[in-house]
Protein chains: 2
Amino acid sequence: MSEMEPTPKPALPPAIILCEPQLGENIGMVARAMANFGLSDLRIVNPRDDWPSEKARAAASRADHVIDAARVFDRVEDAVADLQMLFATTARNRDIPKPVVGPDEAAAEAVSYGATDLATGYMFGRERWGLNNDEVALANKIVTLPVDPTYASLNIAQAVLVCAYEWRRTATAGALPFTLEDQEGEPASQEAIQRMFDHLEGALDARGFFRPVEKKPVTVRRLRNIFQKADLTDNEVRILRGVIASFEKYPPKPRGE
Amino acid sequence: MSEMEPTPKPALPPAIILCEPQLGENIGMVARAMANFGLSDLRIVNPRDDWPSEKARAAASRADHVIDAARVFDRVEDAVADLQMLFATTARNRDIPKPVVGPDEAAAEAVSYGATDLATGYMFGRERWGLNNDEVALANKIVTLPVDPTYASLNIAQAVLVCAYEWRRTATAGALPFTLEDQEGEPASQEAIQRMFDHLEGALDARGFFRPVEKKPVTVRRLRNIFQKADLTDNEVRILRGVIASFEKYPPKPRGE
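Residues numbered from 1 in each chain as written. Chains lettered and ligands numbered in written order. Predicted model: local features only at pLDDT ≥ 70, side-chain atom pairs only at ≥ 80, totals over all residues. Heavy atoms only, no water.

What counts here: UniProt positions are given in the numbering used here, feature names are shortened, and annotations may be inferred rather than shown by experiment.
Taking an unreviewed UniProt entry as the reference, chain A is identified by name as tRNA (cytidine/uridine-2'-O-)-methyltransferase TrmJ belonging to Pseudovibrio exalbescens. According to UniProt, the comment filed for chain A under the heading Subunit (unreviewed entry) is "Homodimer." Quoted verbatim from the Sequence similarities (unreviewed entry) field of the UniProt record, the comment on chain A reads "Belongs to the class IV-like SAM-binding methyltransferase superfamily. RNA methyltransferase TrmH family."

With respect to the relation of the copies chain A and chain B
Rules: Here the copies were fitted onto each other by least squares, based on C-alpha atoms from residues at pLDDT of at least 70 in both. Whether two residues are in contact is decided by their heavy atoms: any pair within 4.5 Å suffices.
Screw-axis analysis of chain A against chain B gives a translation of 0.1 Å along the axis, an RMSD of 0.2 Å, and a rotation angle of 180 degrees. The transformation just described matches what one would write down for a two-fold rotation axis. Taken as a fraction of all interface residues of chain A, those also at the interface in chain B reach 100%, which identifies the copy contact as same-surface.

Focus on the interface of chain A and chain B
The criterion, for reference: Take the accessible area each of two parts loses on contact, using a 1.4 Å probe, and add the two losses: that sum is the buried area. Salt bridge, as used here, is a side-chain nitrogen of Lys or Arg placed within 4 Å of a carboxyl oxygen of Asp or Glu. Here a polar contact is recorded for every N or O atom pair within 3.5 Å, except that within protein the pair must consist of a potential hydrogen donor and a potential acceptor, and residues adjacent in sequence are included only if both atoms are side-chain atoms. Numbering goes from the N terminus for both helices and strands, where a helix is a DSSP run of H or I of at least four residues and a strand is a run of E of at least two.
With 54 residues of chain A at the interface, the matching set in chain B holds 54 residues. Note on chain A versus chain B: buried area summed over both sides is about 4600 Å², and carbon and sulfur give 58% of it. Here chain A is connected to chain B by 4 salt bridges. Between Arg169 of chain A and Asp104 of chain B there is a salt bridge, and its shortest N-O distance comes to 3.0 Å. In this structure, the connection of chain A to chain B is made through 24 residue pairs in polar contact (both at pLDDT 80 or more). Looking at the side of chain A that touches chain B, the elements with two or more residues in it are helix H1 (24-36), strand E5 (100-101), helix H5 (103-115) and helix H7 (156-171) of chain A.

With respect to the pattern of salt bridges
All names here are of chain A. Going through the model one piece at a time under the given rule, you end up with 32 salt bridges over all chains. Its salt-bridge partner being Glu191, residue Arg195 comes within 2.7 Å of it at the nearest N-O pair. Of this pair, Arg195 and Glu191 both sit in helix H8 (residues 190-206), 4 residues apart, which is roughly one turn of that helix.

A short note on the sheet that holds strand E4 (residues 85-89) of chain A
Residues and elements named next belong to chain A. The criterion, for reference: Only strands joined by at least two bridges in the DSSP assignment are considered to pair. Note on geometry: axes are C-alpha line fits, over the in-contact stretch for helices, and angles between N-to-C directions span 0 to 180 degrees.
Ordered by their spatial adjacency, 7 strands build an open sheet running E3-E2-E1-E6-E4-E7-E5, and the pairing between neighbours is parallel. Looking at which strands have only one partner, the edges of the open sheet turn out to be strand E3 (71-73) and E5. Alignment of E5 against strand E7 (residues 141-143), held across 2 bridges, turns out to be parallel. Following the sheet pairing, Val100 is matched in E7 by Ile142. Set on the sheet, H7 makes contact with strand E1 (15-19), E4, strand E6 (120-124) and E7; between it and E6 the angle comes to about 155 degrees.

Side note on the nonpolar core
The criterion, for reference: The term nonpolar core refers to a set of buried residues drawn from Ala, Val, Leu, Ile, Met, Phe, Trp, Tyr and Cys, joined through side-chain atoms within 4.5 Å. Only protein chains enter the accessibility calculation, which uses a 1.4 Å probe; a residue whose area is less than 20% of its type maximum is buried, one above 50% is exposed, and one in between is partly exposed.
Of all hydrophobic cores here, the largest spans 86 residues; its most connected members are Ile16, Leu42 and Tyr122 of chain A together with Ile16, Leu42 and Tyr122 of chain B. Excluding residues that lie within four positions of it along the chain, Tyr122 of chain B makes contacts with Pro14, Ala15, Ile16, Ile17, Phe87, Ala106, Ala107, Ala110, Val143 and Cys163 of chain B.

Some remarks on H5 of chain A
The following threshold applies: The span one expects for a helix is its residue count, reduced by one, times 1.5 Å. Comment: arc refers to directions from the helix axis out to C-beta atoms.
Compared with an ideal rise of 1.5 Å per residue, which puts 13 residues at 18 Å, H5 of chain A spans 18 Å between its outermost C-alpha atoms and is within 8% of the ideal. Along H5 of chain A, the residues that are buried comprise Pro103, Ala106, Ala107, Ala110, Val111 and Gly114 of chain A. Projected down its long axis, H5 of chain A shows its buried positions confined to an angular sector of 130 degrees, all on one face. Where the residues of H5 of chain A are buried, they touch E4, E5, E6, E7 and H7 of chain A together with helix H7 (156-171) of chain B. At the C-terminal side of H5 of chain A, Asp117 of chain A shows a positive phi close to 65 degrees.

Details of the packing of aromatic side chains
Applicable threshold: Pairing of aromatic side chains here covers Phe, Tyr and the six-membered ring of Trp, requires ring centres within 6.5 Å, and sorts the geometry by plane angle: under 30 degrees stacked, over 60 edge-to-face, intermediate tilted.
Scanning the entire structure with this criterion turns up 7 aromatic pairs over all chains. Here Phe37 of chain A and Tyr165 of chain A contribute two aromatic rings whose centre-to-centre distance is 5.7 Å and whose plane-to-plane angle is 75 degrees, an arrangement assigned as edge-to-face. In this pair, Phe37 of chain A is assigned in the loop between H1 and strand E2 (42-45) and Tyr165 of chain A in helix H7, connecting sequence segments 128 residues apart. What makes Phe37 of chain A buried here is its relative accessible area of 0%. In this structure Tyr165 of chain A comes out as buried when scored by relative accessible area, which is 0%. Measuring from ring centre to ring centre gives 5.1 Å for Phe209 of chain B and Phe210 of chain B, while their planes differ by 85 degrees; the resulting arrangement is edge-to-face.

Some details on the domain arrangement of chain A
How big an interface is tends to be stated in terms of accessible area lost as the parts join. Basically, it comes down to this: Start and end positions for the domains come from either an automated domain assignment or a database one.
Examined at the domain level, chain A breaks down into domain 1 (15-171) and domain 2 (181-248). The C-alpha centroid of domain 2 of chain A is placed 54 Å from the C-alpha centroid of domain 1 of chain A.

Quick notes on the side chain of Arg126 of chain B
Residue and element names in this part refer to chain B. Counting through the fold element by element, Arg126 comes out in the loop between strand E6 (120-124) and helix H6 (133-137). Using a relative accessible area of 7% as the deciding quantity, one classes Arg126 as buried. Polar contacts involving the side chain of Arg126 include one to the side chain of Glu135, which spans 2.7 Å. Excluding anything up to four places from it in sequence, Arg126 contacts Cys19, Glu20, Gln22, Leu131, Asn132 and Glu135.

Some remarks on the pairing of strand E1 (residues 15-19) of chain B
All names here are of chain B. Here is the rule: For crossovers, right-handed means that the path from the first strand over the helix to the second runs clockwise, given strands pointing away from the viewer.
Across the 5 residues of E1, 5 count as buried, placing the element largely inside the fold. Here E1 shows two buried faces, one formed by Ala15, Ile17 and Cys19 and the other by Ile16 and Leu18. Across 4 bridges, the pairing between E1 and strand E2 (residues 42-45) is parallel. Bridge pairing links Leu18 to Ile44 in E2. Between the parallel pair E1 and E2, the chain is carried across by helix H1 (residues 24-36), and the sense of this crossover is right-handed.

Comments concerning the pairing of E4 of chain A
All names here are of chain A. In terms of residue burial, E4 counts as a mostly covered element, since 5 of its 5 residues are buried. Burial along E4 is two-sided: the face carrying Met85, Phe87 and Thr89 and the face carrying Leu86 and Ala88 are both buried. Bridge analysis of E4 against E6 gives 4 bridges, and the strand direction is parallel. Looking at the pairing, Ala88 lines up with Met123 of E6. Two elements, E4 and E7, share 3 bridges in a ladder whose sense is parallel. Paired with Ala88 across the strands is Ile142, a residue of E7.

A closer look at the sheet that holds strand E4 (residues 85-89) of chain B
Residues and elements named next belong to chain B. Read from one edge of the open sheet, 7 strands run E3-E2-E1-E6-E4-E7-E5, paired in parallel fashion. The sheet is open, and its two edges are formed by strand E3 (71-73) and strand E5 (100-101), each paired on a single side. Across 3 bridges, E2 lies against E3 in parallel orientation. For Arg43, the partnering residue across the bridge sits in E3 and is Arg71.

This is how it looks when you write it as structure tokens:
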């Protein structure tokens, strides 16, 4: 047996810390956004509404595993105590001298920490006015989104969504849940495509399509390029052969008629 | 006068096409997500609720310019007629042989088209079951998000948000609304930092901190590295000088006591 490549261990996902969120619905939508992109460690500091919250569970839309595992803290210092890289998200300039990065740069760092099992987290503030300066001071870096400055107000779940998306995009190198390759149909072989070209060009020749004849090579090239751009599958080549055959059933119109 | 570099014209943003959306609230949240990232061309095909919709306006949270400019169409073919690159967003594999790209790759293409004023658009389906196969067939490419396959269900506004975010991140090369450089305080000069090091190391020397003396160079280097990592501003150097001076006020403890 040949040796197997070890499967790379997935990076430890970041925690999401919500500071004094006001509405259960928003906590639920945060849980849903986390689940979409493979995050599960939700920490809530002093929620205004009661916890557990039925409104949160309803808004989480079946992301129950995130809601069930959520932990509530009285102090933000306790909520972030174990983290080794902490990002504070803010929508406006806070005059706090700390590096400011976008969600993409933060994700690169979170994934690189997580790859060696170092604990990271993103901290989000209240719906109305975000994090206070003492909370931001706890963080290593500030994350802000590349918004249109004339319309910068994001819902808290939207901000979590973008950070979680960037984390997963980076952690999985953009792996998508499905690709063209999963879809039915093998790519056609060059031979099958060549036979289709011969069929098409023969049928067109019979109809006197290639006139003047010295332009024929250019026209043939253009036709071939059109179909090559389509990355045809075997099945699609069969369909096109059927189309050509169908046109051929009617005899070519004699010249001059 | 020297010649000015012409300001690069911003790329034409993509249109967002919603096919038969069910809830006004969702249309409003889509408008808000678009406004966050500088999109404004919203097209709605056969909304189930009446249009204009007060629920949509309320959920748009002041993105009124997007709501006011939204256009309603009876047929999706009319809604996309002018577009030169159309993306269909789908959450699951549709067995439609079309290239499948992530929001990042789609954004790269949309920005490159938009840079030469070619019209692009992203099409989104119904809340319950997305786009139908005839709608997907209209598109040049399929966009899907790099979600966790075990929890792939995104709200329509969340899907728009991620696509809009990626478009703006690409179009502006990740430009953030503010940066560390906007914040108060010039970076300290090397001279100011060197004087601080001299101050600190002198004070520690007086206290016999550097023992054994042959280890002093290593310890000095470590200390300097700590402060250099902090990218100090002038103001921060002044604060640290004050801290050192405060410690110095108490005379060094004589050796052997």
